[in-house]
Amino acid sequence: MNAFEWNLRNNICEAARRLYAAGFMSGSDGNLSTILGPNEVLITPSRLCKGFLSPDQIVKIDRQGNQLSGDYPPTVEVAMHLAAYDARPDICSVAHCHPPVLVAFTVAGLSLPSNVLPEIEVMFGGKIPLAPYAAPGTQLLADSVRSQIKERENAVVLMDHHGLLAVGRDIFQAAIRVEHAEAAAKVIYYARQLGGEKPLAPDSLEKLHQTHQKIVEMEAGVYSGYCHAEECQLPSQPQETDSKINDSDLTQIVRRVIEETLKATQ
């Protein structure tokens, strides 16, 4: 095994530990994957707790779902991961978790509202789409997710009565998107305990959506060095070296825009 593959395996384990510690993958729930090569995918095993994985326990499969190596069977959600990769050649990693507040919204038959949180508008373009219910581990679930994730503006898909699927150019970007989505759901839940959410002013939404587009462009620069999907090796547009930003800069930009928008709506 070369250093590149070992590093990707280690990244999956680290992201899994973080998501487990956050309470998004209880017991043996959840599964993560990342593309290793043109016909190889690294994916978490079935039945093991994702908070305590080691790199040697990660399973290698091909793009048809056949197991190539590993002492454990791969997650039963292989079809869902492969459907996401097939629908979106621009992504390299997939994270599927069961964040409790997000799942609770679907169990209660509720959807996350738009035009309420700047974070949803900025990070997800104003929507977290919902895929209809399908039994876990089935091709029907994979097809349900595929129909939503194929839209390139969708970085996450909420599954009715099940969980959340997030995609990214590496496993850490996918995991971060899980955190953002669950944090938004918590704020909305708390707001409803306090009497209900207050919508954002209409004139602030356009600025937030413009910021979302800027973030998408900046993330392409931040994460393109890590992505090993074939499409991501081809830059979508010329980029100057000094225009690249790091994760800290990106976080500060998002925070500043949100703060300015909230001040303007008060």
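Residues numbered from 1 in each chain as written. Predicted model: local features only at pLDDT ≥ 70, side-chain atom pairs only at ≥ 80, totals over all residues. Heavy atoms only, no water.

Trainee: Describe the overall build of the protein chain, naming the residues involved and giving the relevant values.
Mentor: Each helix and strand counted, the protein chain has 8 helices and 8 strands in total. Counting every position in the protein chain, which comprises 266 residues, the buried fraction comes to 48%. Restricting to contacts in the protein chain with at least 6 residues of sequence separation, those with at least 24 account for 67%. Carbon and sulfur atoms make up 52% of the accessible area of the protein chain, which amounts to about 12,900 Å² in all. (Helix = DSSP H or I, 4+ residues; strand = E, 2+ residues; numbered from the N terminus. Buried < 20%, exposed > 50% of the residue type's maximum accessible area, 1.4 Å probe, protein only. Contact = heavy atoms within 4.5 Å. Areas by Shrake-Rupley, 256 points an atom, 1.4 Å probe, with all protein chains shown as cover.)

Trainee: So, the environment of Val187: which residues are in play, and what are the values?
Mentor: Here Val187 shows up in helix α6 (residues 171-193). Separated by 70 residues in the primary sequence, Val187 and Leu117 place their C-alpha atoms 8.5 Å from one another.

Trainee: Hey, could you go over the nonpolar core for me, with residue numbers and the actual values?
Mentor: Nonpolar side chains tend toward joint burial in soluble globular proteins. In terms of nonpolar packing, the biggest core is built from 42 residues, with Leu19, Leu32, Leu102, Leu112, Ile128, Leu164 and Val178 touching the most fellow members. Per element, the largest residue contribution to this core is 8 residues, and it comes from α6. Within the second largest apolar cluster, 22 residues are counted, among which are Met80, Leu82, Leu165 and Val167. (Core = buried A, V, L, I, M, F, W, Y, C linked by side-chain atoms within 4.5 Å.)

Trainee: Requested: an account of the pattern of salt bridges, with residues and values cited.
Mentor: What the rule picks out here adds up to 10 salt bridges. Taken together, the salt bridges that share partners define one network made up of Glu5, Arg9 and Lys60. (Salt bridge = Lys/Arg side-chain N within 4 Å of Asp/Glu carboxyl O.)

Trainee: Could you give an account of the pairing of strand β1 (residues 31-37), with specific residues and numbers?
Mentor: For β1, the tally of buried residues reaches 7 of 7 residues, placing the bulk of the element in the interior. Of the strand pairs in this sheet, β1 and strand β5 (residues 93-97) are connected by 4 bridges, and their pairing is antiparallel. Paired with Leu32 across the two strands is Ala95, which belongs to β5. Relative to strand β2 (residues 40-43), β1 is paired through 4 bridges, and the arrangement is antiparallel. Looking across to β2, one finds that Thr34 is bridged to Leu42. Hairpin connection of β1 to β2: 2 residues between the antiparallel strands. (Pairing = 2+ DSSP bridges.)

Trainee: Tell me about the confidence of the model for the protein chain, residues and numbers included.
Mentor: This prediction gives the protein chain a mean pLDDT of 86; 81% of its residues lie at or above 70. Here helix α8 (residues 247-265) stands out as the least confident element of the protein chain, with mean pLDDT 60; strand β3 (residues 59-62) is the most confident, with 98. Overall, residues 234-245 carries pLDDT values under 50, and its contacts beyond four positions in sequence, including any with other chains, amount to 9 contacts. (pLDDT = per-residue confidence, 0-100.)

Trainee: Any chance you could break down the packing of aromatic side chains for me, citing the residues and the numbers?
Mentor: Evaluation of the coordinates by the stated rule reveals 2 aromatic pairs. Ring centres of Tyr20 and Phe52 lie 5.4 Å apart, and the angle between their planes is 65 degrees; on these two criteria the pair is classed as edge-to-face. Here Tyr20, found in helix α1 (residues 3-21), pairs with Phe52, found in the loop between β2 and β3; they are 32 residues apart in sequence, far enough to count as distant. Given the relative accessible area of 61%, Phe52 is considered exposed. (Phe/Tyr/Trp six-rings, centres within 6.5 Å; stacked < 30°, edge-to-face > 60°.)

Trainee: Explain the side chain of Asp90 residue by residue, including any values.
Mentor: With respect to the secondary-structure elements, Asp90 resides in the loop between α2 (78-87) and β5. Within the structure, Asp90 has its side chain in polar contact with the side chain of Arg88 (distance 2.8 Å). (Polar contact = N/O pair within 3.5 Å; in protein donor to acceptor, adjacent residues only side chain to side chain.)

Trainee: So, the side chain of Thr34: which residues are in play, and what are the values?
Mentor: Examined against the element boundaries, Thr34 turns out to sit in strand β1. Within the structure, the side chain of Thr34 is placed 2.8 Å from the side chain of Ser93, a separation counted as a polar contact.

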